Amino acid sequence: MVATTGRITLWGIEVFIATADEGSISAAARRLEASPSAVSQQLTNLETALGATLLNRNARPVSLTPSGEIFRKRAQVILDEALQAQAELAMPDMSALTRFRLGMIEDFDADVTPRLLADMAVELHGCQFLLETGASHRLFDLLDSRALDVVVAADMGATADGMEVHPLLVEPFVAAVPKGMIDMGGDVLAQLKSLPLIQYTQRHHMGRQIAAHLVRQNLKLAQRFELDSYHAIMAMVAAQAGWTILTPLGYLRARRFHDAVEMIELPFDPLTRSISLTARRDVLQDMPQDVAARLRSLLQEMIVDPAIKALPWIARDLKVLK
């Protein structure tokens, strides 16, 4: 135990939670965009104010003491209540919101995300926006650790307790093939089997989803390449090194290769994925619902309508979810 002096601050609590989540003062500093010395000082101030040692800072990774385990549960409730109070004060026009931490899958980063943030910035004059892009599983981890307020990501199964989910989009998986190489009047599957499959990495949920579907179809395909970049995959397809399975969003991200690559329907059972907005329930009041409504409008305008105009057959499975 240490002497109790000073005051407990929300910033000190946020620093404590970040350090507990990351297991490292330096990692917590990067997450909070602060210096390690500032993080260390805040932890010292908090422990002094509480009169208890919360973290074993000499351990690698940094670990919670028994007192830290007890305080962490209360600390998370305190931060959630503070965020909820902030959101209530900002309603109905949200103009008083000072920070919004958004996680977006990379599929939206070129077109949809800039439009969304620009539109929100018009109303939220004093708000600081923090954007994190990445794979869906990583964004959900950041939401769980309270490093993000809202994430837009592919559905990965059961939703964690205490979360609200707003469906946005369902899209089909398609085959991207070298333009002119596949005779659509012939046996498309047999032609694809004669080419290497350039597979999206199974380190990500989408790659595992594709691989599992191929197993269910009892399909054994020649797989020489497994990549984690849409652009690299599409470049190889454009160079006639093989074909791939991806979504229309993945195809749209690599526009520079469209002259040499075309999308066709999968010549076996269809596969789709859904994208949703997820946030901690009731913390930001109506804001997640408002952001979801904005996104649905943008997705219809910027993704769905142009895709269906170019490929009418895709309308059956590519839809904004109301």
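Whatever comes next refers back to the structure up there.
First things first, this report covers the structure right here in the doc. (Residues numbered from 1 in each chain as written. Predicted model: local features only at pLDDT ≥ 70, side-chain atom pairs only at ≥ 80, totals over all residues. Heavy atoms only, no water.)

## Topic: the overall build of the protein
Basically, it comes down to this: In this text, helices come from DSSP runs of H or I with a minimum length of four residues, and strands from runs of E with a minimum of two, each type numbered from the N-terminal end. Should any heavy atoms of two residues lie within 4.5 Å, those residues are considered in contact. Shrake-Rupley sampling with a 1.4 Å probe provides the accessible areas, and residues are treated as covered by the protein chains on show and by no other component. His is not counted, nor are the chain ends, whereas Lys and Arg count as positive and Asp and Glu as negative. Lysine's charge is taken at NZ, arginine's at CZ, aspartate's at CG and glutamate's at CD.
Helix and strand counts for the protein come out as 11 helices and 13 strands. A principal-axis box enclosing the C-alpha atoms of the protein has dimensions of 80 × 45 × 30 Å. Taking contacts inside the protein between residues at least 6 apart in sequence as the whole, the part at least 24 apart equals 73%. Surface exposure of the protein reaches about 15300 Å², of which carbon and sulfur atoms provide 51%. The averaged location of the 38 negative side-chain charges in the protein is 4 Å from the averaged location of its 32 positive side-chain charges.

## Describing unusual backbone geometry
Glycine aside, negative phi is the norm for most residues, and most peptide bonds take the trans geometry. Quick reminder of the rule: We call a residue buried when its accessible area falls under 20% of the maximum for its residue type, exposed when it is over 50%, and partly exposed in between, using a 1.4 Å probe and counting protein chains only.
With an omega dihedral of 5 degrees, the bond running from Arg60 to Pro61 counts as a cis peptide bond. Structurally, Pro61 can be placed in the loop between strand E1 (55-56) and strand E2 (63-64). Even without glycine at this site, Glu33 takes up a positive phi of about 55 degrees. Topologically, Glu33 is positioned in the loop between helix H2 (25-32) and helix H3 (36-50). Exposure remark for Glu33: the relative accessible area of 63% places this residue in the exposed category. Look at Arg146: it is not a glycine, yet its phi comes out positive at around 65 degrees. Inspection of the secondary structure puts Arg146 in the loop between helix H6 (136-144) and strand E5 (150-154). For Arg146, a relative accessible area of 18% gives the class buried.

## Side note on the environment of His137
Structurally, His137 can be placed in helix H6. The sequence separation of His137 and Pro172 amounts to 35 residues, and the corresponding C-alpha distance is 20 Å. With residues near it in sequence (within four places) discarded, His137 still touches Met156, Arg203 and His204.

## With respect to the packing of H2 against H3
Convention followed: Only C-alpha atoms enter the line fits that serve as axes; for helices the fit covers just the stretch in contact. Angles between N-to-C directions range over 0 to 180 degrees. In this scheme, roughly parallel covers angles under 35 degrees and roughly antiparallel covers those over 145, while 65 to 115 is roughly perpendicular and the rest are oblique. Gly falls in the polar group here, along with every residue not listed as nonpolar (Ala, Val, Leu, Ile, Met, Phe, Trp, Tyr, Cys, Pro) or charged (Asp, Glu, Lys, Arg).
One way to put it is that H2 packs onto H3 with a least axis distance of 8 Å and a crossing angle of 105 degrees. One element, H2, and the other, H3, form an angle in the roughly perpendicular class. Contact residues: H2 offers Ile25, Ala28 and Ala29, while H3 offers Pro36, Val39, Ser40 and Leu43. Tallied by class, residues from the contact of H2 with H3 come to 6 nonpolar, 1 polar and no charged.

## As for the pairing of strand E12 (residues 272-280)
Two faces, one strand: in a regular strand the side chains alternate between the faces of the sheet. Test applied: Here, a strand pair is defined by DSSP locating no fewer than two bridges between the strands.
With 7 of 9 residues buried, E12 is to be regarded as a mostly interior element. Two elements, E5 and E12, share 5 bridges in a ladder whose sense is antiparallel. Paired with Val152 across the bridge in E12 is Leu277. Taken together, the 9 bridges between strand E6 (residues 163-172) and E12 define a ladder with antiparallel strand orientation. Across the sheet, residue His166 finds its bridge partner in E12, namely Leu277.

## Examining the layout of surface pockets
Just so we agree on the cut-off: Residues are said to line a cavity or pocket when one of their atoms sits within 4 Å of a point; the points come from a 1 Å grid over protein atoms alone, cavities being sets where a 1.4 Å probe fits but cannot get out and pockets being open sets with protein on both sides within 12 Å along at least five of seven lines. Grid points are joined across faces, edges and corners, and a volume is the space filled by probe spheres set on the points.
In this structure, the largest pocket spans a volume of roughly 330 Å³. What lines the largest pocket is a set of 16 residues, and nearest its centre among them are Arg31, Leu32, Glu33, Leu130 and Ala147. Those elements that place two or more of their residues in the lining of the largest pocket are helix H1 (10-22), H2, strand E3 (99-105), strand E4 (128-134) and H6. Considering every element that reaches the lining of the largest pocket, the biggest residue donor is E4, with 4 residues. Partitioning the lining of the largest pocket into residue classes produces 7 nonpolar, 1 polar and 8 charged. Looking at the second largest pocket, it is lined by 16 residues, and the ones nearest its centre are Glu14, Leu79, Leu83, Arg99 and Arg101. For the lining of the second largest pocket, the secondary-structure elements that each account for two or more residues are H1, H2, helix H4 (66-90) and E3. When its residues are assigned to classes, the lining of the second largest pocket shows 7 nonpolar, 2 polar and 7 charged.

## A closer look at the sheet that holds E12
What holds strands together in a sheet is hydrogen bonding between their backbones, with the strands either parallel or antiparallel. Strands sit in the order E4-E3-E5-E12-E6-E13 across an open sheet of 6 strands; the sheet is mixed. Whereas interior strands pair on both sides, the edge strands pair on one side only; in this sheet they are E4 and strand E13 (319-320). Pairing geometry for E6 and E13, over 2 bridges, is antiparallel. The partner of Leu169 across the bridge, within E13, is Val320. Packing of H6 onto the sheet brings it into contact with E3, E4, E5, E6 and E12, and relative to E5 it is tilted by some 155 degrees. Seen against the sheet, helix H11 (residues 287-310) touches E3, E5, E6, E12 and E13 and runs at an angle of roughly 5 degrees to E6.

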